[in-house]
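Fold and contact review
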Amino acid sequence: MTSTSSPAAAHAAQSNYYRPSRAMRALRFGLTASQRLWPALGVRAAYRVFGTPLPPKWLYRGQGPGADWRRESWAFEDASVGIYHLAAQDSGAESAPVVLLVHGWGGHAGQMLPLAQAVAAAGLRPVLLELPAHGRSAGVMSNSPQFARAIAYVAARLAADGHVLRAAIAHSLGANGLALAAARGLPAERIVLLAPPASPRDYTRYFAHTFGLSEATRLAMQRLFESREGVLMQQLEPAAVGPRIAQPTLIVHDRDDRVNRFADAEAYRDAIAGASLVATQGLGHRRILKEAEVLEQVARFVTED
């Protein structure tokens, strides 16, 4: 997902997500054949592939946070979300402010473990959220608007249980969902966006290019997404959500990120009043989640007065 208006640039920026493989070639063949032989079916098939997280979630079922974490499963919409609490804090840190940590597209809660540990070391209570259709959570398809609703729902339940949400931290498409949730009034005192994508519309162009879809199919798929979610894709972009985010916001993005462009982070920084952007180099899209300097900066930000 990129913020550029150039399809060619979008394709280049996204070249590391849908990696060439036998499965990808088979999907491409099936989608191009269906759009040619039965256009309406092609649109529905493209929509389904577009909304299915890759790699498949079953690959990550054994890569959760580990035995030190207590998992709860909460029903949510037609799926579920997984909530992980640090077991050692169950009896000693009930009153500590909560930091909600959210993974990205095709990810899982375990990817946020280094940040969760840094938050716990700073005296806060980390809560890991595993989104619908990811990890051990139920569901097959998801998207950024559902991410936003899941984040808001979990935050509301935590507040109802008496917890103060000190901060919310999210990575990649999770950061896009978090920004939307914050714009809609998420009761978090601080927001951290890690490697956020800026434009779902441009991502559909990259998706269409990757799978050989025509512009007519791409546009129909976008319209199907918008009608089912009740939101236009342009309403998910920084220019639309940023001005409505009131919390102090930290953005961290690597200049060598090959999934989401550094310019995407700059778009959020420019749209959110007072937002700070930390630029890293050489970490790419996922290593920022465990780099010691990033962990330190994020922990410092969420504990500031």
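Read on for an overview of the structure.

About the criteria used
- Residues numbered from 1 in each chain as written.
- Predicted model: local features only at pLDDT ≥ 70, side-chain atom pairs only at ≥ 80, totals over all residues.
- Heavy atoms only, no water.
- Helix = DSSP H or I, 4+ residues; strand = E, 2+ residues; numbered from the N terminus.
- Rg over C-alpha atoms; globule rule 2.2 N^0.38 Å.
- Buried < 20%, exposed > 50% of the residue type's maximum accessible area, 1.4 Å probe, protein only.
- Contact = heavy atoms within 4.5 Å.
- Areas by Shrake-Rupley, 256 points an atom, 1.4 Å probe, with all protein chains shown as cover.
- Lys, Arg positive; Asp, Glu negative; His and termini not counted.
- Charge placed at Lys NZ, Arg CZ, Asp CG, Glu CD.
- Phe/Tyr/Trp six-rings, centres within 6.5 Å; stacked < 30°, edge-to-face > 60°.
- Lys NZ or Arg CZ within 6 Å of the ring centre and 35° of its normal.

Turning next to the overall build of the protein. The helix and strand tally for the protein stands at 11 helices and eight strands. The globule rule puts the C-alpha radius of gyration for 305 residues at 19 Å, and the 19 Å found for the protein is close to it. C-alpha extents for the protein along the principal axes are approximately 60 × 35 × 35 Å. Counting every position in the protein, which comprises 305 residues, the buried fraction comes to 56%. Considering only contacts in the protein between residues 6 or more positions apart, those separated by 24 or more positions represent 75%. For the protein, the exposed area adds up to about 12,600 Å²; of that, 53% sits on carbon and sulfur atoms. Across the protein, the 32 positively charged side chains and the 25 negatively charged ones have centroids separated by 10 Å.

What follows concerns the packing of aromatic side chains. Tallied over the full model, the rule gives eight aromatic pairs. Considering the side-chain rings of Phe50 and Phe225, the 6.4 Å spacing of their centres and the 85 degrees angle between planes classify their relative orientation as edge-to-face. With Phe50 in helix 3 (residues 39–50) and Phe225 in helix 8 (residues 215–229), the pair connects residues that are 175 residues apart, well separated along the chain. Taken individually, Phe50 and Phe225 each receive the classification buried, so the pair is uniform in this respect. Among the aromatic residues, ring-to-ring pairing joins Phe50, Tyr203, Tyr206, Phe207, Phe211 and Phe225 into one connected group. Over the face of the ring belonging to Trp74 we find Arg157, whose NZ or CZ atom lies 3.8 Å from the ring centre. Its end group placed over the ring of Phe301, Arg190 keeps NZ or CZ at 4.7 Å from the ring centre.

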